[in-house]
Amino acid sequence: MRRRQLASSSTRYASGLSALTTDEPDPDSFAQAIAAEAAIVDAGFALLFFSQSLVDAAALAQALKLHAPSLAYAGCSTAGEITPQGLEEGHALALLLPSASFSIVSTTVENLSSSGMDGITGEVVELRRLLQSRVGRERAKSVFALCFIDGLSYAEEAVTSAIHWGLDDIPLIGGSAGDDLKFETTSLISNGKVTSDSAIIVLVATEIPFHVFKTDNFIPTDEKLVVTASDPDHRIVREFNATNAAEEYAASVGTVAQALTPLSFASHPVVVKVAGEYYCRSIQRMHVDGSLSFFCAIDDGVVLSIAQPKNMVEATRAALEDAERKVGGIDMILGFDCVLRRLDARNRQVYRDISELYRTNKVIGFGTYGEQYRSMHLNQTFTGIAFGERRAAG
């Protein structure tokens, strides 16, 4: 079957933002297309999201150095992409931010597993000062933060919290880098540097109106699982309710441990209550001994509730309509979508409906191993930032 030619696919938005996508495994031609588009829209910064099965991070960084040496950028590997055509897999995409409307600073925090969280908070404070020195105090009031974190680092909760502490009410959203559900190595990419076990923090000042939001699609039930044996450093639960974790979970959702698959975990999430709100703590996979690896932090004594899914399409549509009201008409949305939502959408046969919702609402982004929203690291959630069609008054 012949592949569709998407190498030159570009989409421009009223705000000046421009998206490029490709499904060709050719980092040089993609970098050339990025350089050409950046020159046309006068982009000072690009966000890059890519499948490692399509393109190698180091090869992409090398190609950008060759063809777009003056373009600053940040991004990461994915577990699926959201392109202007909707949900895709095995693609690379670039979102170009024009200098006329966006002022951007970024930093990479390496060696997360050995980093002090105070140091990360300090780096965020310095980044804020740098942005303010560039744009002035007034423009520095209309700022949002993005973060991309190695989705296999076991550090997202601590890092998200540390970033949030340094932001002083600047809204934060982001996604954990993925590797097409291989769970081996994810890549982060920033200004020629390719890293793992790291996080990239991006601060963006803009005159374009924006709204940060999240949506999920589950309701907690009364079925409780208490973590009674775990390995918190590796996010592994060995026992729920003093019983083998996989067996107890399977019994709670009406199946047997041998029948558990990633789809089971996507369809029957577990949630934890924090400050009166429920947040997903998604299961990544089952091990041969019946222990369960999680995408989120876990510890002895944590009480989880089995969640009942609600209509994903309707919940997502409602969130997108609310975002549209908040910004007075959507120009485009930068979105971070948990890979488990994708699996669940396939399982419930609403994948096309979700893809169409993203397409019609002009969502660009990627499938994640976890989502960041303000101070929280989440799972099985869509977090997004909607940009308005008009410039803010002022």
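Per an unreviewed UniProt entry, the protein goes by the name FIST domain containing protein and belongs to Mesorhizobium plurifarium.

### Overview of the domain arrangement of the protein
We note that the domain assignment places domain 1 (9-215 + 313-388) and domain 2 (218-309) within the protein. Placing a centre on the C-alpha atoms of domain 1 and another on those of domain 2 gives a separation of 28 Å. With 18 residues of domain 1 at the contact, the number on the domain 2 side is 23 residues. When the buried area of domain 1 at its contact with domain 2 is split by residue, Tyr154, Phe183 and Asn379 rank highest and sum to 31% of it. A salt bridge links Arg235 to Glu156; the shortest N-O distance between them is 2.5 Å. Put simply, domain 1 and domain 2 have ten residue pairs in polar contact (both at pLDDT 80 or more) between them. Where the side of domain 1 that touches domain 2 is concerned, the elements lending two or more residues are helix H4 (156-167), helix H8 (339-347) and strand E26 (376-378). Ranked by residue count, the leading element in the side of domain 1 that touches domain 2 is H8, at four residues. Considering only residue class, the side of domain 1 that touches domain 2 consists of nine nonpolar, four polar and five charged.

### Focus: the sheet that holds strand E4 (residues 72-77)
The sheet built from seven strands is open, its strands ordered E1-E2-E7-E3-E4-E11-E12 with mixed pairing. Only two strands of the sheet have a single neighbouring strand rather than two, namely strand E1 (9-12) and strand E12 (193-195). Pairwise comparison of adjacent strand axes, ignoring direction, gives a mean angle of 15° for this sheet. Pairing of strand E2 (residues 18-22) with strand E7 (residues 92-98) involves five bridges; the strand directions are antiparallel. By the bridge assignment for E7, Leu20 is matched with Ala94. Contacts between helix H1 (residues 27-41) and the sheet are confined to E1, E2, strand E3 (43-50) and E7, with E7 contributing the most and set at about 20° to the helix. Of the strands in this sheet, E3, E4, strand E11 (188-190) and E12 touch helix H2 (residues 57-67), which is tilted by about 160° from E3.

Rules of the game
- Residues numbered from 1 in each chain as written.
- Predicted model: local features only at pLDDT ≥ 70, side-chain atom pairs only at ≥ 80, totals over all residues.
- Heavy atoms only, no water.
- Domains from an automatic or database assignment.
- Contact = heavy atoms within 4.5 Å.
- Buried area = accessible area lost by both parts, 1.4 Å probe.
- Salt bridge = Lys/Arg side-chain N within 4 Å of Asp/Glu carboxyl O.
- Polar contact = N/O pair within 3.5 Å; in protein donor to acceptor, adjacent residues only side chain to side chain.
- Helix = DSSP H or I, 4+ residues; strand = E, 2+ residues; numbered from the N terminus.
- Nonpolar A, V, L, I, M, F, W, Y, C, P; charged D, E, K, R; others polar.
- Pairing = 2+ DSSP bridges.
- Axes fitted to C-alpha atoms, helices over the stretch in contact; angles between N-to-C directions.

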